[in-house]
Amino acid sequence: AGGRDVEIREEPVATADGRAVEVAANVGTLAELEGAVAQGADGIGLFRTEFLFLDREAPPDEDEQFEVYREALAAFPEGRVVVRTLDVGGDKPIPYLETPDADNPFLGQRGIRRSLGPDADLFETQLRALLRAAAAESGTLSVMFPMVATVPELEAALETVADVAADLESEGIEHERPELGAMIETPGAAFIAEELAERVDFLSIGTNDLTQYVMAAARENERVADLRDPCEPAVLRAIERTVAAADAGDAWVGMCGEMAGDSDLAPLLVGLGLDELSMSAVTIPEVKAAIADLETDAAEALANRATDAATRTTVYEHVNTTTDQ
Ligand code: PEP
Ligand code: MG
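Here we summarise the structure given alongside this text.

Cut-offs applied
- Residues numbered from 1 in each chain as written.
- Chains lettered and ligands numbered in written order.
- Predicted model: local features only at pLDDT ≥ 70, side-chain atom pairs only at ≥ 80, totals over all residues.
- Heavy atoms only, no water.
- Donors = N, O, S within 2.8 Å, 3.2 Å for Na, K, Ca; no water.
- Helix = DSSP H or I, 4+ residues; strand = E, 2+ residues; numbered from the N terminus.
- Buried < 20%, exposed > 50% of the residue type's maximum accessible area, 1.4 Å probe, protein only.
- Expected span 1.5 Å × (residues − 1).
- Arc of directions from axis to C-beta.

### Re the coordination of the magnesium ion (ligand 2)
Here is step 1: At the metal site, the magnesium ion (ligand 2) is ligated by Glu185 (OE) and Asp209 (OD), and these contacts range over 2.0 to 2.2 Å. Within this pair, whereas glutamate 185 is found in the loop between β6 (179-184) and α7 (187-191), its partner aspartate 209 is found in helix α9 (residues 207-214), the two being separated by 24 residues in sequence.
Here is step 2: Relative accessible area serves as the criterion here: at 2%, glutamate 185 is assigned to the buried category.

### Quick word on helix α13 (residues 296-308)
Here is step 1: Helix length check: α13 (13 residues) gives 18 Å between terminal C-alpha atoms against 18 Å at 1.5 Å per residue, within 8%.
Here is step 2: Burial in α13 covers these residues: Thr296, Ala299, Leu302, Ala303, Ala306 and Thr307. The buried side chains of α13 occupy one side of the element, clustering within an arc of 125° when seen end-on. Along α13, the residues that are exposed and aim more than 90 degrees away from the buried face are Asp297 and Asp308.

### Notes on unusual backbone geometry
Here is step 1: Of note in the backbone geometry, methionine 147 takes a positive phi value of approximately 65° without being a glycine.
Here is step 2: On the secondary structure map, methionine 147 appears in the loop between β5 (140-145) and α6 (151-170).
Here is step 3: Phi at aspartate 250 is positive, roughly 60°, even though this residue is not glycine.
Here is step 4: Inspection of the secondary structure assignment puts aspartate 250 in the loop between α10 (233-248) and β8 (252-255).
Here is step 5: Judged by its relative accessible area of 73%, aspartate 250 is exposed.

Quick look at the structure:
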């Protein structure tokens, strides 16, 4: 995938039979916003805010973050911007924040675990900036939490948002409650997706981490690269149950891992019932083109065959049969 010459569609896209699918961009910096707009993104589906904290000596303060989030929203006045709260640890160390899990960082204190622990102050500052930005621009701001594995973690994060809103209120500072969501990137989260979905507005599936954890195959370990495939039936079934849980809980559900940007997999992902796909901007035109060609019935039949398959090989046979038709 990537780099094929395809027409850029500025408008949101739907399948041939009219099912709307939001196609959004993953970004890490303000510089990447421009590319997202240029490639026809409907919005931002994953703003990796770690990048604001990298290559500097101290974290950005509330006002600096406010300006960045406001600018991201301003780039999509009619769209949605999904900002992920700081996801430090694992493969994302930040020099001035101590990340002591050197032996097994992917199973250590990362993402929301840090925001509810050693980085609680940073978490509050970030939420203050986000709630202020939500009120300052017309676009929809959504905020999601990385690496959720339990209901109490999610509830603690939601409570912190409520506390921050109460503080801003009492200080007379303009703010707005954003949409709130949980990332589904641990097997634990996929298994309790029903309980998570009931408590939030949306779920977003991070297939990079979900695949590494479901398959017990670390990111960046070449010796197990073969196992780290989101088309493994085990991963597809985790996705399938997450979508069903979101539907039952009246939450929308998106995907923001690399898998979402593979246009060959668009029929499978639309068939699985995802409402939104978020990817690096360069793949947006081809994914939009692939979605526009789809019939929902055929996509759903493919998703059923794929989730019933015993092996990844069979999944790919089904995917390729559909693509070649
Ligand atoms: C993911 O895990 O799939 C994801 C989107 O987040 P990141 O790649 O930043 O961990
Ligand atoms: Mg992740």
